[in-house]
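Structure assessment
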Amino acid sequence: MTADQPEIIAVTSPDEMAALGAALGKFVKSGDALCLVGPLGAGKTTFTRGLADGLEVSDAVTSPTFVIARRHRGPTVDLLHCDAYRIGSADEFVDLDLDTDGAVTVVEWGQSVMAEISDSWLEVVIQRSSENDEGARQLTFSGHGDRWTGDEITSVNRALRQAVS
Ligand SMILES: Nc1ncnc2c1ncn2[C@@H]1O[C@H](COP(=O)(O)OP(=O)(O)OP(=O)(O)O)[C@@H](O)[C@H]1O
Ligand SMILES: [Mg+2]
């Protein structure tokens, strides 16, 4: 594998997807932003549910597709869970005037809005990896901005690989 090819993490079930989210939840800090990319039903909300567990958020995490954003209180940091699926433009997202302070912000379908809320974000791409296996998914993690350097991404990959091994 060359340095410019992202490392792939494979999961086989929703439980494993949630375990990856939980492992990342132990890694992220207040002010961090995550962009979840993947087709309908890829597992973005399932991943976020795991992340909430990792952050020890006790609320039930459900899809915020219609409310766009929902804040869940956590013991040390909140989870701000957003879904940009119904957002027409980055300006519309800015108009929500979301308060990202003291939270880890997760944006499903966030690819065109992340720059409006943060200088740095971690992009998580989820792909269905097999037509014959309903539960198979592949994830890749890449960083944008200073927070997510190559070393940091290497550490994320190592921690997440361990979570599903
Ligand atoms: N490996 C897997 N990871 C995550 N979900 C899986 C997996 N295998 C099967 N599933 C199923 O796929 C569905 C994923 O739903 P989820 O709401 O997490 O997707 P989503 O990417 O958030 O969708 P949307 O684009 O509608 O927001 C669930 O029904 C889940 O049980
Ligand atoms: Mg979703």
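Note that the coordinates shown come from a computational prediction; the quantities given were computed from them, not determined experimentally. (Residues numbered from 1 in each chain as written. Chains lettered and ligands numbered in written order. Predicted model: local features only at pLDDT ≥ 70, side-chain atom pairs only at ≥ 80, totals over all residues. Heavy atoms only, no water.)

**Concerning the coordination of the magnesium ion (ligand 2)**
All of the protein donors around the magnesium ion (ligand 2) are Thr45 (OG1) and Glu108 (OE); their distances to the metal are 2.1 Å. Of this pair, Thr45 sits in helix α2 (residues 44-54) while Glu108 sits in strand β5 (residues 103-108), and the two are 63 residues apart along the sequence. Accessibility classification places Thr45 together with Glu108 in one group, the buried group. (Donors = N, O, S within 2.8 Å, 3.2 Å for Na, K, Ca; no water. Helix = DSSP H or I, 4+ residues; strand = E, 2+ residues; numbered from the N terminus. Buried < 20%, exposed > 50% of the residue type's maximum accessible area, 1.4 Å probe, protein only.)

**Brief notes about the nonpolar core**
One finds Leu24, Leu34, Leu51, Leu139 and Phe141 to be the most contacted residues of the largest nonpolar core, which totals 29 residues. Looking at this core, the elements with two or more residues in it are β1 (8-11), α1 (14-25), β2 (33-37), α2, β5, β6 (121-128), β7 (137-144) and α5 (150-163). In this view, Leu24 contacts Leu34, Phe47, Leu51, Leu122, Val156 and Leu160; residues no more than four positions away in its chain are not counted. Ranked by size, the runner-up nonpolar core spans 14 residues in total, among them Cys35, Ile68, Leu80 and Ala84. (Core = buried A, V, L, I, M, F, W, Y, C linked by side-chain atoms within 4.5 Å. Contact = heavy atoms within 4.5 Å.)

**Regarding the packing of aromatic side chains**
Ring pairs (aromatic) are described by centroid distance and by the angle formed between their planes. Considering all chains together, one arrives at 2 aromatic pairs under this definition. Between the aromatic rings of Phe47 and Phe141, the centroid separation amounts to 6.5 Å while the plane-to-plane angle is 45 degrees, which identifies the pairing as tilted. Of the two residues, Phe47 is situated in helix α2 and Phe141 in strand β7; the sequence distance between them amounts to 94 residues. The interplanar angle of 50 degrees and the centroid separation of 4.9 Å between the aromatic rings of Tyr85 and Trp109 together place this pair among those described as tilted. Here the residue Tyr85 occupies a position in the loop between β4 (78-83) and α3 (90-95), and Trp109 occupies one in the loop between β5 and α4 (114-117), the gap between them amounting to 24 residues. For Trp109, a relative accessible area of 22% translates into the label partly exposed. For Arg147, the ring lying beneath its charged end belongs to Trp148, and the centroid distance is 4.0 Å. (Phe/Tyr/Trp six-rings, centres within 6.5 Å; stacked < 30°, edge-to-face > 60°. Lys NZ or Arg CZ within 6 Å of the ring centre and 35° of its normal.)

**Observations regarding α2**
Most of α2 is tucked away, with 8 of its 11 residues classed as buried. Inspection of α2 places Lys44, Thr45, Phe47, Thr48, Gly50, Leu51, Ala52 and Gly54 among the buried residues, and these make up the whole buried set. Contact partners of the buried residues in α2: α1, β2, β4, β5, β6 and β7. Trailing α2 by a residue or two, Glu56 shows a phi angle of about 60 degrees, which is positive.

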